[in-house]
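# Descriptive structure summary
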Amino acid sequence: MAQLPDAKLFIDGQLRDATGGRSYDVIGPWTGQPVGRAADATAADVEAAIIAARRAFDDTDWATNTEKRVALVRKYRELFEANRARLGELAVHEAGAALGAVNRAHVDMALDGWDDYLRVFPQVKWERDYGTRDTWGMTHHRFAVYEPVGVVAAITPWNVPLYVNIGKVVAALLAGCTVILKPAPNTPGMGAIFGELAAQAGFPAGVINVVFGSDPVEAGEMLVTDPRVDLVSFTGSTGVGKRIMEKGAATLKRVFLELGGKSAKIVLDDAPNFAQDVAMTMLVFHAGQGCAVQSRLLVPKSRYQEACAILKHAYASFGDNWGDPANPQHIMGPVISKRQMERVMSYIELGQKEGATLLCGGKARPDKGGGYFIEPTCFTDVTNDMRIAQEEIFGPVLVVIPFEDDEDAIRIANESHYGLSGGVSGGDAARAMKIARRIRTGSVSVNNGMCIAGDLPFGGYKASGIGREWGVEGIEEFLETKLIAATV
Ligand code: NAD
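Every value quoted in this text rests on a predicted model; they were computed, and no experiment measured them.

## Considering the environment of A486
By secondary structure assignment, the location of A486 is in strand β20 (residues 479-487). Through-space distance from the C-alpha of A486 to that of T132 is 9.3 Å; in sequence the pair is 354 residues apart. In this structure, A486 is in contact with T139, H140 and H141, ignoring residues within four places of it in sequence.

Rendered as C-alpha cells:
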C-alpha cells in the first residue's frame with residue numbers, strides 16, 4: 001500500500017506542522033495499517049486559524065474584490081486538475097474508495113461540481129431593487145445588497161471528502177467569505193491538499209486555513225463556539241449536527257447542516273424495468289457509505305417474492321467482485337474504520353434479532369485483507385418500524401420493505417425522521433410524479449433521474465439538515481442580506 005505524503009496544517013498562509021510537532025497515524029481502511037501521518041492540531045493552532053481568517057475577512061479586499069476571487073478560484077481549480085492522480089490516491093487510501101468509484105463520486109463528480117459552481121456564479125444576485133414607496137411625505141428608494149457572511153468554518157466527514165470539501169470551500173470563497181476547513185480525522189490528507197494548493201495558487205494569507213487532528217471533537221467544537229466564526233457549514237451525522245446547533249446557539253451562529261439519511265426507493269408494480277430497478281438498488285457503491293443512498297427498497301406486496309428472487313440473483317452475480325484495491329472494475333471496498341465496521345456488524349446482528357430475513361451477505365471478510373471488509377448485505381421481510389429500517393447504518397446493508405398500494409408506499413417512505421433523498425420508478429409517469437411530489441425529502445429521482453449535480457441545490461428535510469449546498473443556492477447560503485432605504 002502506498003505511503004501518502006504527510007498532511008500539514010495550513011494557517012495564515014503557512015503550511016506547517018502542529019504546535020509542538022504533534023502528529024498522528026492515518027489508518028488505511030484497506031489494511032488497518034498506517035498509510036500516512038498527519039499534523040495533530042492543538043487549540044493554539046485552531047486559535048491561530050481563527051485569527052487569520054478573521055483578519056483576512058475584516059482587513060483585506062477579499063470580501064469585495066469579486067474579480068480577484070474568481071481568478072484565484074479558477075487558478076485553484078487548475079491546480080486541483082493537475083493533481084487529479086493524487087486526489088485519486090487520497091480517495092483510495094484514506095477514504096477506502098475502490099478504483100471504480102474514484103472516477104465517479106470521489107474525484108470526477110467533485111471536480112465537475114467545482115466547474116458547476118463557476119458556471120452558475122454569474123447568476124448569484126448581489127443586489128435587488130425593491131423600488132420606491134411614499135411614506136411620511138417622502139419618497140424612499142429601497143434595495144437589498146447581499147454581502148458575504150464573514151468567517152466560515154467548514155466541518156466535513158470522511159465518506160466523500162473531496163466532494164464535500166469542495167461543496168463548502170469553493171462556495172464560501174466565491175461568496176467572499178474566508179474559510180477554516182476542518183476535515184474528519186480519518187481524511188486529513190484530502191483537507192491538507194486544499195492548503196497546499198492554496199499556497200501554490202497564491203491566495204492572500206488567512207483566506208483559506210486548514211486544521212485537523214486526531215480528536216474528532218476538539219477543533220470542530222472550538223470553531224462552533226467561537227464568536228469570531230460567523231457561520232458553520234457542517235456535513236456529517238445527525239447527532240453531531242444537533243450538538244453543533246446547540247453549541248452554536250450561544251453565539252447565535254448561523255449553522256448550515258447536511259446530515260444523514262435513510263432514503264427510500266419505491267419501485268411500482270408497473271415499472272417497465274422492474275428487475276433492473278430492483279437490482280440496481282443493491283447497496284454496494286463505496287460500501288454504502290453515502291448520505292443520499294437509497295437504503296430502503298420499497299416494492300409492491302404483489303411482486304415481493306419476485307423482487308427477492310431478483311435481488312438474490314443480483315447479489316450472487318455481484319459475487320466476490322469487490323474489495324480489491326488494484327481492480328479498476330471494483331466499486332466497493334472496505335468501510336472506513338474498525339469502529340464503523342463494528343457499528344455496521346451490530347446492525348446486521350440487530351436485523352436478525354428484529355426478525356428480518358438475511359437474504360444475502362452479513363459477514364465480515366477478514367480474508368480480504370487487514371482492513372474493514374463487510375459483505376454486501378440484504379435484509380428482506382423488513383417492516384418500517386424496525387431499527388434497521390429507521391436508523392442510518394452507513395454500510396453495505398439494504399433493507400427491503402413491502403407495500404400495499406401507492407398511499408402505503410408514500411406513508412412508509414415518509415415515516416422516517418430523515419428526509420434527504422429518494423426515488424420512484426414506474427411505467428405511468430404521471431403516477432410516479434404524483435408520488436414523488438408527496439415524498440418529504442430534499443431530492444427525489446423519478447425513473448432514475450439524476451438529482452445530484454453541482455448546479456443543483458442539495459440538502460435535506462427534517463433530521464437530514466438545514467439549508468442547501470451546491471448550485472446558486474449553495475453560494476447564496478454564504479451571503480447576508482442588507483436592506484438599504486434612502487430618501488430621494
Ligand atoms: P460525524 O458527524 O461523526 O463527523 C463529521 C465531522 O464533524 C468530522 O469532521 C468530525 O471530526 C466533526 N465533529 C465530530 N464531533 C464534533 C463536534 N462535537 N463539534 C464539531 N465537530 C465535530 O460524521 P462522519 O462519521 O465523519 O460521517 C458520516 C456521516 O456523515 C453520516 O451520518 C452521513 O450521512 C453524513 N453525511 C451527510 C452528507 C450530506 O450531504 N447530507 C454527506 C456525507 C456524509
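Back to the write-up after that little detour.
## Quick notes on the domain arrangement of the protein chain
Per the domain assignment, the segments of the protein chain are domain 1 (9-259 + 465-487) and domain 2 (263-453). Centre-to-centre, using C-alpha coordinates, domain 1 lies 31 Å away from domain 2. With 28 residues of domain 1 at the interface, the matching set in domain 2 holds 32 residues. Summing the contributions of domain 1 and of domain 2, the shared interface buries around 2,100 Å²; its carbon and sulfur component is 65%. On the surface where domain 1 and domain 2 come into contact, there are zero salt bridges. Linking domain 1 with domain 2 are six residue pairs in polar contact (both at pLDDT 80 or more). Those elements that place two or more of their residues in the side of domain 1 that touches domain 2 are α4 (99-106) and α5 (108-120). It is α4 that provides the largest number of residues to the side of domain 1 that touches domain 2, a total of six residues.

## Observations concerning the site of the ligand
As a structural note, the neighbourhood of the ligand is formed by 28 residues, with T156, P216, S237, L259 and E392 the closest of them. Within the contact set of the ligand, an oxygen atom lies 2.7 Å away from a backbone nitrogen or oxygen of T156. Residue W158 places a side-chain N or O atom 2.9 Å away from an oxygen atom belonging to the ligand. Calculation on the ligand without its partners gives an accessible area of 850 Å², and the protein chains cover 91% of this total. Of all elements in the fold, only α8 (218-225), β10 (231-235) and α9 (238-249) reach the threshold of two or more residues within the shell around the ligand. Among the elements that line the shell around the ligand, the one with the most residues is α9, at three residues. A class-by-class count of the residues in the shell around the ligand yields 16 nonpolar, seven polar and five charged.

Conventions adopted
- Residues numbered from 1 in each chain as written.
- Predicted model: local features only at pLDDT ≥ 70, side-chain atom pairs only at ≥ 80, totals over all residues.
- Heavy atoms only, no water.
- Helix = DSSP H or I, 4+ residues; strand = E, 2+ residues; numbered from the N terminus.
- Contact = heavy atoms within 4.5 Å.
- Domains from an automatic or database assignment.
- Buried area = accessible area lost by both parts, 1.4 Å probe.
- Salt bridge = Lys/Arg side-chain N within 4 Å of Asp/Glu carboxyl O.
- Polar contact = N/O pair within 3.5 Å; in protein donor to acceptor, adjacent residues only side chain to side chain.
- Near = heavy atom within 4 Å.
- Areas by Shrake-Rupley, 256 points an atom, 1.4 Å probe, with all protein chains shown as cover.
- Nonpolar A, V, L, I, M, F, W, Y, C, P; charged D, E, K, R; others polar.

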